[in-house]
Each structure stands twice: as C-alpha cells, then as structure tokens.
Amino acid sequence: MAKTGRRLSLIGQKFGKLLVESFAGVVKQRTRWNCICECGNRTVVCGCDLMGDHTKTCGRCPNRIEPFGDAVVIWLEMKDRDVPCFIDAADYPLVKDYRWCAVKRKNERGFYAQSSTKVYMHALLMGKGADHKDGDSLNNRRQNLRTSSVSENNRNRGIQISNTTGFKGVLPHRNKFRAAIKVDGKKHHLGTFNTALEAGRAYNEAAKKYHGEFAALNDVGDHDLVLNQKQEA
Ligand SMILES: [Zn+2]
C-alpha cells in the first residue's frame, strides 16, 4: 500500500456499478484496483479502464428479474442502460441458468437476447430459425414465437444434430431437452431431460461409449451455464 501515496487514489470512488475498495498492485505499469460490483461480485480493474468509462460492471452480473403478470421480465445489461426482455413465466426455468446479454444481429435493427455461451433465447425455446411474429426481438413469449418455414431450413444438410442449445447432441423439445447421438449414421435417442446441461451430460456419456477417444464432448464442467446450479456428480 505504501506506493499508493504517490498515485491518485480511487478508493471509495464509484464507477458505474463498481465501487473501488482497495489498491491491487501494479502490473505492466498499470495500476489495478480491487472493486466490488453492485451485484456482489468482486473484480480487479485497471485505473485507466475505470476512469475512461471502459469498465462499469464486473461483467458477470446476474440478470435482474421482475415478475410481469404471467410473464417474467429479464433485464439485459447494456453499456448505459438495461433493456427488458419478456418470457412466459412457465419458460423461466429453461433460461434461468444462463446469463443473458443484449446483442445486435447483422442487418437487423432490434436487439436479441443471447447467452454468454452464444445461444439465442428464442432459439433455445423454439429451435433454430425461430422468429418473432410482431418483430419485437426481445418479446420471447410463446405467443410471439414461431418456427421457421420448412424451406428456410431445408438446405439439404442431411440430419444435423442442431446446436441451438449450446450443447452438441441436445435439442429443445416442448419444455425440455432431448439428447441424441449418431452412431454409424443412425440416430440413437438418449432421453429427455429437464435442463440442457443434463442432456449435454447424457450426450457426453454416450459419446465416450460410442466414439471413444474421438468423442467431441460438451463442456459441462465449470461452465457459465451452471452459474446458479450446484454441481453434484
Ligand atoms: Zn456485477
């Protein structure tokens, strides 16, 4: 701490959601500070990033959630504001283990809700190619979602185990997730699971069994998706 005397002390100052708690040392001539985020997470940030407004949150804040009739509002954090995303309350369990962000898609105006593992919320609920009837890409209530036309998806790719859930071999099915694996060109169903993560694990087990050392496994360990989920093997 002795060296902080010659430096501008940021202790006690607030930058966005971050409150500077203490000096964290100097790395490559950059002063670093221990900060606590409004969400409770702790993080270390360079002074220049704090003062230049580059870093305003821990970057891992859980989404703020609000009930809204029979829907749930999931607030998506953006640089200067939060934007609301709507989902049926009944679907909330399907999305609660992901951390959602607002993203722009190429050539499209509105924002979409995308997980930190690059899964779109509407695709997780309705499958690849789903879109929004009223054009509001943050209204992910079932009544506003529709599956794509056959022609749109019919690009002759053969049977492809889609990856809309972020897990290989896992597809959304009604309010659950189905796992399947292809062995020698034949699809084997592995069951239906409550969460994409469980289905991903089932896929891994089967992949190890059938594909051995060549198995491409899902990342089901220390994953963003399991932020709020206890891992008990
Ligand atoms: Zn935070």
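Residues numbered from 1 in each chain as written. Predicted model: local features only at pLDDT ≥ 70, side-chain atom pairs only at ≥ 80, totals over all residues.

## Topic: the sheet that holds strand E1 (residues 14–15)
Move 1: Here we have four strands laid out as an open sheet, ordered E1-E2-E3-E4, and antiparallel in their pairing. The sheet terminates laterally at E1 and strand E4 (42–46), the two strands that pair on one side only.
Move 2: The pairing of strand E2 (residues 18–27) with strand E3 (residues 30–37) spans seven bridges and is classified as antiparallel. Along E3, the bridge assignment pairs valine 20 with cysteine 35. (Pairing = 2+ DSSP bridges. Helix = DSSP H or I, 4+ residues; strand = E, 2+ residues; numbered from the N terminus.)

## A word on the sheet that holds strand E14 (residues 186–193)
Move 1: Taking strand neighbours across the sheet as the criterion, the three strands line up as E12-E13-E14 in an open arrangement whose pairing is antiparallel. The open sheet has two free edges, formed respectively by strand E12 (170–173) and E14, since each of these has just one partner strand. In this sheet, adjacent strand axes meet at a mean angle of 30 degrees when their direction is disregarded.
Move 2: Relative to strand E13 (residues 176–183), E12 runs antiparallel, the two being bridged by four bridges. The residue of E13 that forms the bridge with histidine 173 is lysine 176.
Move 3: Helix H5 (residues 196–211) rests against E12, E13 and E14 of the sheet, and its axis sits at about 15 degrees to E13. (Axes fitted to C-alpha atoms, helices over the stretch in contact; angles between N-to-C directions. Contact = placed C-beta atoms within 7 Å.)

## Overview of H5
Structurally, the α-helix is built with 3.6 residues per turn, so residues lying three or four positions apart point the same way.
Move 1: Compared with an ideal rise of 1.5 Å per residue, which puts 16 residues at 22 Å, H5 spans 21 Å between its outermost C-alpha atoms and is within 8% of the ideal.
Move 2: Inspection of H5 places Ala196, Leu197, Ala199, Gly200, Arg201, Ala202, Tyr203, Asn204 and Ala207 among the buried residues, and these make up the whole buried set.
Move 3: For H5, the elements touching its buried residues are E12, E13 and E14.
Move 4: After H5 finishes, the residue glycine 212 shows a positive phi value of roughly 55 degrees. (Expected span 1.5 Å × (residues − 1). Buried ≥ 20, exposed ≤ 12 C-beta atoms within 10 Å, placed from the backbone.)

## Observations concerning unusual backbone geometry
Move 1: Unusually for a residue other than glycine, aspartate 53 sits at a positive phi of about 65 degrees.
Move 2: Its location among the elements puts aspartate 53 in the loop between helix H1 (47–51) and strand E5 (64–68).
Move 3: Exposure remark for aspartate 53: the 11 C-beta atoms within 10 Å place this residue in the exposed category.
Move 4: Unlike most non-glycine residues, lysine 118 shows phi in positive territory, near 65 degrees.
Move 5: Relative to the helices and strands, lysine 118 is located in the loop between strand E9 (111–115) and helix H3 (121–126).
Move 6: For lysine 118, a count of 10 C-beta atoms within 10 Å corresponds to the exposed category.

## A few points about the nonpolar core
Move 1: Core analysis: the largest hydrophobic core is formed by 21 residues, its most contacted members being Ile74, Cys85, Trp100, Ala113, Tyr120, Met121 and Leu124.
Move 2: When contributions to this core are tallied by element, the ones reaching two or more residues are strand E6 (71–77), strand E7 (82–88), helix H2 (92–95), strand E8 (100–104), E9 and H3.
Move 3: If one sorts the elements of this core by residue count, H3 sits on top with five residues.
Move 4: Residues within four places of alanine 113 in sequence aside, it is in contact with Ile74, Leu76, Cys85, Trp100, Ala102, Tyr120, Met121, Leu138 and Asn140.
Move 5: Listed in part, the eleven residues of the second largest apolar core include Phe167, Ala196, Ala202 and Ala207. (Core = buried A, V, L, I, M, F, W, Y, C linked by C-beta atoms within 7 Å.)

## Here's the deal with the pairing of E9
Move 1: Within E9, four of the five residues are buried, leaving the element largely enclosed by the surrounding structure.
Move 2: Here E8 runs beside E9; their pairing, made up of five bridges, is antiparallel. For lysine 104, the partnering residue across the bridge sits in E9 and is phenylalanine 111.
Move 3: Between E8 and E9, which pair antiparallel and follow one another directly, the connecting turn spans six residues, one of which, asparagine 107, has a positive phi of 60 degrees.

## Considering the confidence of the model for the protein
Move 1: With 84% of its residues at a pLDDT of 70 or more, the protein shows a mean pLDDT of 83.
Move 2: Scored below 50 in pLDDT, residues 150–161 shows eight contacts in the model against residues more than four places distant or in partner chains.
Move 3: In the model, residues 222–233 has pLDDT below 50 throughout and makes 17 contacts with residues more than four positions away in sequence or in other chains. (pLDDT = per-residue confidence, 0-100.)

## Things to note about the pairing of E2
Regular strands place their side chains on alternate faces of the sheet.
Move 1: Bridge count for E1 against E2 is two bridges, and the pairing is antiparallel. Paired with lysine 14 across the two strands is leucine 19, which belongs to E2.
Move 2: Where E1 folds back on E2, the antiparallel hairpin that results is connected by two residues, among which glycine 16 adopts a positive phi of roughly 60 degrees.
Move 3: The antiparallel pairing of E2 with E3 creates a hairpin that spans two residues between the two strands, and lysine 28 there sits at a positive phi of about 50 degrees.

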